[in-house]
Amino acid sequence: MSASAAVPASVAARLQARSGAFTGPTANLAPGHVQANLAILPRELANDFLLFCQRNPKPCPLVGVSEAGNPRLPSIGEDLDIRSDVPRYRVWRDGEVVEECTDVSHVWRDDLVSFAIGCSFSFEEALLAAGIDIRHISAGSNVPMYRTSIPTVPAGRFSGPLVVSMRPMKAADAIRAIQITSRFPSVHGAPVHLGDPAQIGIRDVMAPDYGDAVAIRDGEIPVFWACGVTPQSVVAAARPSFCITHAPGHMLVTDLKNADLALF
């Protein structure tokens, strides 16, 4: 790339995260580019986790997998360094979060395998283009996410509840959102539930397990999508000795294009 050439928005976003200049939620960051959830596990657990993702494609649609010990994923990002290019990470030991940080180089190991998992932030671009309000974006907050009573399909050591993200919408917009997001199965696809949160085990929609609560206005219903934070609930249940994930809402920005994920 010449000195005068513009840096792609995805690369610029990763460089900001790498330098520590940006540490916030990534909703609507680098429009047009696929964002990814992150799970980094020891090689001894990688096959089980890969099988878990294959059995649970709604919450865990894979967009990239690294070689063991390699922090690069060239198939999804130019000059991508998985150790530093996410705005905020979580370090887990024995199923508990022991650290949140903006760089994981200090805990990196040669046996770690990185899994990049599709994110609903990708289909939000299409919803915004259709004139549908995305409340957490318009409010400048993180998307609300909830553990549910819906079980995932187990694989090896991994099992646990489905996590969902929620966006409040008017009924007509919810119908349009179903039509739009159905085109994006590689980033969670259509919603898994509309309406009463109690039907999927959510006791208080204003008290999310991850992210921030958003207002649900008169005439709106909560619409729930499978969420790539599901692996974090699964990690908590499996209690591996070591794991790294993104902090909820703080995604890896890739060079992949949202438009390329649409089926039609």
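Residues numbered from 1 in each chain as written. Predicted model: local features only at pLDDT ≥ 70, side-chain atom pairs only at ≥ 80, totals over all residues. Heavy atoms only, no water.

Novice: Would you mind going over helix α5 (residues 171-181) with me for this structure?
Specialist: Given 3.6 residues to a turn, an α-helix orients residues that are three or four positions apart in the same direction. Taken together, the buried positions of α5 are D173, A174, A177, I180 and T181. Along the axis of α5, the buried residues cluster in a sector spanning 125°; they form a single face. Away from the buried face of α5 by more than 90 degrees, exposed residues A172, I175 and Q179 are located. Looking at the buried positions of α5, the neighbouring elements they touch are α3 (121-129), β7 (161-170), β8 (193-194) and β9 (220-226). (Buried < 20%, exposed > 50% of the residue type's maximum accessible area, 1.4 Å probe, protein only. Helix = DSSP H or I, 4+ residues; strand = E, 2+ residues; numbered from the N terminus. Arc of directions from axis to C-beta. Contact = heavy atoms within 4.5 Å.)

Novice: Sorry if this is basic, but what is going on with the pairing of strand β10 (residues 243-246) here?
Specialist: Put simply, side chains in a regular strand alternate between the two faces of the sheet. Across the two faces of β10 the burial is the same, with C243 and T245 and I244 and H246 all buried. Bridge count for strand β3 (residues 89-93) against β10 is four bridges, and the pairing is antiparallel. The residue bridging W92 from the neighbouring strand is C243, located in β10. (Pairing = 2+ DSSP bridges.)

Novice: Please explain the packing of aromatic side chains as it appears in this structure.
Specialist: Aromatic ring pairs are defined here through the distance separating the ring centres and the angle between the ring planes. Counted according to the given criterion, the structure contains five aromatic pairs. With a centroid separation of 5.5 Å and 80° between ring planes, the pair formed by F49 and F158 is classed as edge-to-face. A residue pair is termed long-range when its members are at least 10 positions apart, and F49 in helix α2 (residues 43-55) and F158 in the loop between β6 (145-151) and β7 qualify at 109 residues. Among the residues examined, F158 registers a relative accessible area of 0% and is labelled buried. (Phe/Tyr/Trp six-rings, centres within 6.5 Å; stacked < 30°, edge-to-face > 60°.)

Novice: I keep staring at the nonpolar core and nothing clicks. Help me out?
Specialist: Side chains that are nonpolar tend, in soluble globular proteins, to be buried together. Residues I40, I82, Y89, V104, I244 and L252 are the most contacted members of the largest nonpolar core, which totals 20 residues. Secondary-structure elements contributing two or more residues to this core are β1 (33-42), β3 and β5 (112-118). With three residues, the top contributor of residues to this core is β1. Residues contacting L252, with those up to four places away along its chain left out, are R14, V34, Q35, A36, I76, L80, I82, D85 and V86. Ranked by size, the runner-up nonpolar core spans 18 residues in total, among them A39, L41, A46 and F49. (Core = buried A, V, L, I, M, F, W, Y, C linked by side-chain atoms within 4.5 Å.)

Novice: Looking at this structure, I do not really get unusual backbone geometry. What am I missing?
Specialist: Peptide bonds are mostly trans, and most non-glycine residues show a negative phi. The phi dihedral of A30 is positive, around 50°, even though this residue is not glycine. By secondary structure assignment, the location of A30 is in the loop between α1 (9-19) and β1. Despite not being glycine, H188 shows a phi value in the positive range, around 85°. With respect to the helices and strands, the residue H188 is situated in the loop between α5 and β8.

Novice: I'm lost on empty space enclosed by the protein in this one. Help?
Specialist: Any empty space left between atoms is shown by rolling a water-sized probe over those atoms. Tallied over the full model, the rule gives one cavity of 30 Å³ or more. By volume, the largest cavity is sized at about 40 Å³. Looking at the largest cavity, the residues that line it are N37, C119, S120, V143, M145, S165, C227, G228 and M251. Partitioned by chemical class, the residues of the lining of the largest cavity number five nonpolar, four polar and no charged. (1 Å grid on protein atoms, 1.4 Å probe; cavity = no way out; pocket = protein on both sides within 12 Å on 5 of 7 lines; lining within 4 Å. Points joined across faces, edges and corners; volume = space filled by probe spheres on them. Nonpolar A, V, L, I, M, F, W, Y, C, P; charged D, E, K, R; others polar.)

Novice: Even after reading the chapter, I still don't get the environment of L38, so can you show me in this structure?
Specialist: Here L38 shows up in strand β1. Sequence-wise, L38 and H250 are 212 residues apart; in three dimensions their C-alpha atoms are separated by 9.5 Å.

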